[in-house]
Amino acid sequence: QVRLVESGGGLVQPGGSLRLSCAASGSIGGIYAMGWYRQTPGTQRELVASITNAGGGTKYGDSVKGRFTISRDSAKNTIYLQMNNLRTEDTATYYCNYGRGREEYWGKGTLVTVFS
């Protein structure tokens, strides 16, 4: 079992920045990926960014490329999402994800609201 705890959401104006954190604990090991997804009411959850523990390869959703950066602190089993130049359309609940083979775990989510 893997537990994920997100933090860092909040209110920000367009053009502003926020940094999300996700700390993983429990049965962590092997080759896995961690990432951030986001969802708004009535829509499907979409990939924001992901990073692997083997090599640190990253993947980004098209709408956030060049604005968001995912990083990791392997010693702390924590990933971060630096979000810059936020737009109103970035408003969503952001969920941390941990995937290893067929296993998948989700955090409870943290709300990011971008408003003018």
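To start, this report covers the structure provided alongside it.

## Things to note about the sheet that holds strand 8 (residues 78–83)
Backbone-to-backbone hydrogen bonds pair the strands of a sheet. The strands run either parallel or antiparallel. Pairing in this open sheet of 4 strands is antiparallel, and the strands run 1-3-8-7 from one edge to the other. Pairing within the sheet leaves two strands with one partner each, and these edge strands are strand 1 (2–7) and strand 7 (68–73). Neighbour-to-neighbour, the strand axes of this sheet turn through a mean angle of 15°, independent of strand direction. With 6 bridges connecting them, strand 7 and strand 8 associate as antiparallel partners. Across the sheet, the residue bridging to Phe-68 is Met-83, located in strand 8.

## Observations concerning the side chain of Asp-90
Note that Asp-90 resides in the loop between strand 8 and strand 9 (92–100). A residue is classified by how much of its surface remains accessible, and Asp-90, at 0% relative accessible area, is buried. A polar contact is formed between the side chain of Asp-90 and the backbone nitrogen of Arg-87, at a distance of 2.7 Å. Residues in contact with Asp-90, not counting those within four places in the same chain, are Arg-38, Arg-67, Phe-68, Asn-85, Val-112 and Val-114.

## As for the pattern of salt bridges
A complete count under the given rule lists 5 salt bridges for this structure. A salt bridge links Arg-38 to Asp-90; its shortest N-O distance comes to 2.9 Å. Of this pair, Arg-38 sits in strand 4 (residues 33–39) while Asp-90 is found in the loop between strand 8 and strand 9, placing the two residues 52 residues apart along the sequence. You can call Arg-38 buried: its relative accessible area is 6%.

Each value, and the rule that gives it
- Residues numbered from 1 in each chain as written.
- Predicted model: local features only at pLDDT ≥ 70, side-chain atom pairs only at ≥ 80, totals over all residues.
- Heavy atoms only, no water.
- Pairing = 2+ DSSP bridges.
- Helix = DSSP H or I, 4+ residues; strand = E, 2+ residues; numbered from the N terminus.
- Axes fitted to C-alpha atoms, helices over the stretch in contact; angles between N-to-C directions.
- Buried < 20%, exposed > 50% of the residue type's maximum accessible area, 1.4 Å probe, protein only.
- Polar contact = N/O pair within 3.5 Å; in protein donor to acceptor, adjacent residues only side chain to side chain.
- Contact = heavy atoms within 4.5 Å.
- Salt bridge = Lys/Arg side-chain N within 4 Å of Asp/Glu carboxyl O.

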